[in-house]
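These are the residues of each chain, in order.
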Amino acid sequence: MSTFKAPKGTYDLIPPFSAQYLAVREAISAPLRKAGYGYVETPGFEDVELFARGVGESTDIVTKEMFTLTTKGGANLALRPEGTASVLRAALEANLHKAGGLPVKLWYSGSYYRYERPQKGRYRHFSQVGAEAIGAEDPALDAELIILADQAYRSLGLRNFRILLNSLGDKECRPVYREALQGFLRGLDLDEETLRRAEINPLRVLDDKRPDVQKQLVDAPLLRDHLCEACKAYHEEVRSLITAAGVAFEDDLKLVRGLDYYTRTTFEFVHDGLGSQSAVGGGGRYDGLSEMIGGPALPSVGWALGVDRTVLALEAEGVELDIPPVTEVYAVPLGDEAKRVLFGIVTQLRTADIAADFSYGGKGMKAAMKGANRSGARLALIAGDRDLADGVVQLKDMESGEQTAVALEGLVETVRAKLA
Ligand code: ATP
Ligand code: MG
């Protein structure tokens, strides 16, 4: 062991476990890629102001959770705590919204950083796969994203997740509701910090997880009763499109999200096997964000799913992903000449798109065959000097144990036929 350990709140992805992460990222992005979303990759850090404005000055993310740094040149940067602000910034910078039709549909996958109190499912470095559909106000787009996330989770074999859905209203109706809620909150028995929050961002108080706060919120006014006609109709259309797609959801009238820029459709994916870190993903509409970061009006909708918590959800449900062994053929040379010949064959196999590995380090037969077993290969190619003199190698079926001599001539094709 080295003197160093992974920093607090982080962990390494080590084989074979790491293969699950690749599989989860693949499964979440596959439905997006088939639905017209293009891949976008942005830097791991941005101007700190982008997040202050784009995520919101009053959010936990900006006030408590950002990793910030000042460069030698004096620039104030932050490690990205989330993806939406960066992706929108990139789309605006590249003028994607002017290039062709709207919406611009993008997906991303990467590392995110938040200075949090580490616990199971809550880390300082974690990974998300996300999607954003920028520049269109259409309930079918909100529905599309929810349906695609549902498909992704189902394709992984997850069943015990739920979709919570709500509408946060828009700039017409939300201010009226905000005031009604503020009036209600002022009459409660709340601590200083929560009262302050009620003044800056009262909706977030609804999201308070403490039971003594929740108890007082039972009779809080609900946004649903304040939605304007346009928001109501929009929300009904989203609900009926999702229902028609056979995707089950629950109306959660108190669902708000930590980020300031959400409008109208808001949703969260929760998993019941994860204890208090139950949110595996979330998203919604953010019609005002573009203008908040200096762009034109571009109503948009998106989500981000947490890869770490999705892997924990798979564990909680006992789902074993079907991850095929990486190596199909394992070569075991016995002697120097065999080493040269088999090494050449391994290269040929790889060129022919057959996954092959090799016993390195001049091991004896027994240790080398252990390596073959560990690799999960279906076939082993074993050769010593005598085999080579006869123009053959021994081809061993690792499952049945059956071994036959096959000609060196045309070996790649023989192996391919065996694997088929
Ligand atoms: P929470 O309420 O659990 O703090 P959040 O609202 O901060 O979640 P989002 O900003 O919506 O989370 O991020 C989307 C997803 O990213 C979450 O549902 C979760 O799966 C994942 N995520 C967020 N923060 C962390 C973290 N610190 N560690 C691991 N995963 C995280
Ligand atoms: Mg959080």
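K.L.:
Just checking my understanding: could you explain the sheet that holds strand β4 (residues 76–79) for this structure?
P.N.:
Strands in a sheet are paired, the pairing made by backbone hydrogen bonds, and the direction either parallel or antiparallel. Taken in spatial order, the three strands make up an open sheet running β2-β4-β3, and their pairing is antiparallel. Both outer strands of the open sheet, β2 (45–47) and β3 (68–70), are each paired with one neighbouring strand and no more. Strand-to-strand twist in this sheet, taken as the mean axis angle between neighbours without regard to direction, amounts to 35 degrees. Relative to β4, β2 runs antiparallel, the two being bridged by three bridges. The partner of Glu46 across the bridge, within β4, is Ala78.

K.L.:
Mind showing me how you'd approach the side chain of Asp387 here?
P.N.:
Residue position: Asp387 is located in helix α15 (residues 385–389). Buried and unpaired, Asp387 has no salt bridge, with Arg386 as the nearest side chain of opposite charge at 7.3 Å. Within the local environment of Asp387, its side chain forms a polar contact with the side chain of Gln394, the two groups lying 2.9 Å apart. Discounting residues that sit within four places of it in the chain, Asp387 has contacts with Ile382, Val392, Val393 and Gln394.

K.L.:
Help me understand the pairing of strand β6 (residues 125–134) in this model?
P.N.:
Within β6, nine of the ten residues are buried, which leaves it mostly tucked inside the rest of the structure. Taken together, the ten bridges between strand β5 (residues 104–113) and β6 define a ladder with antiparallel strand orientation. Looking at the pairing, Tyr113 lines up with His125 of β6. As paired strands, β6 and strand β11 (residues 300–306) are joined by seven bridges and run antiparallel to one another. Looking at the pairing, Ala133 lines up with Val301 of β11.

K.L.:
Just checking my understanding: could you explain the pattern of salt bridges for this structure?
P.N.:
Opposite charge on two side chains permits pairing when their charged atoms draw close. All chains considered together, the criterion is met by 27 salt bridges. The shortest N-O distance in the salt bridge between Arg197 and Asp60 comes to 3.9 Å. Placement of Arg197 in helix α8 (residues 192–200) and of Asp60 in helix α3 (residues 60–65) is noted, with a sequence separation of 137 residues between them. With a relative accessible area of 17%, Arg197 lands in the buried category. Among the ionic pairs, Arg264 bridges to Glu137, the shortest N-O distance being 3.2 Å. Here Arg264, found in strand β9 (residues 263–271), pairs with Glu137, found in the loop between β6 and α6 (139–155); they are 127 residues apart in sequence, far enough to count as distant. Residue Arg264 is classed as buried on the basis of its relative accessible area, which comes to 8%. Accessibility expressed as a relative area gives 46% for Glu137, which makes it partly exposed. Each of Asp60, Lys64, Glu193, Arg197 and Arg204 takes part in salt bridges that share partners, so that together they form one network.

K.L.:
How should I be thinking about the environment of Glu250 in this particular structure?
P.N.:
Checked against the element boundaries, Glu250 lands in strand β8 (residues 250–251). Residue classification places Glu250 among the partly exposed positions, given a relative accessible area of 33%. For the pair Glu250 and Gly56, spaced 194 residues apart in sequence, the C-alpha to C-alpha distance is 27 Å. Sequence-distant contacts of Glu250, that is, excluding residues within four places in its chain, are made with Arg162, Ile163, Leu164 and Leu165.

Conventions adopted
- Residues numbered from 1 in each chain as written.
- Chains lettered and ligands numbered in written order.
- Predicted model: local features only at pLDDT ≥ 70, side-chain atom pairs only at ≥ 80, totals over all residues.
- Heavy atoms only, no water.
- Pairing = 2+ DSSP bridges.
- Helix = DSSP H or I, 4+ residues; strand = E, 2+ residues; numbered from the N terminus.
- Axes fitted to C-alpha atoms, helices over the stretch in contact; angles between N-to-C directions.
- Buried < 20%, exposed > 50% of the residue type's maximum accessible area, 1.4 Å probe, protein only.
- Lys, Arg positive; Asp, Glu negative; His and termini not counted.
- Salt bridge = Lys/Arg side-chain N within 4 Å of Asp/Glu carboxyl O.
- Polar contact = N/O pair within 3.5 Å; in protein donor to acceptor, adjacent residues only side chain to side chain.
- Contact = heavy atoms within 4.5 Å.

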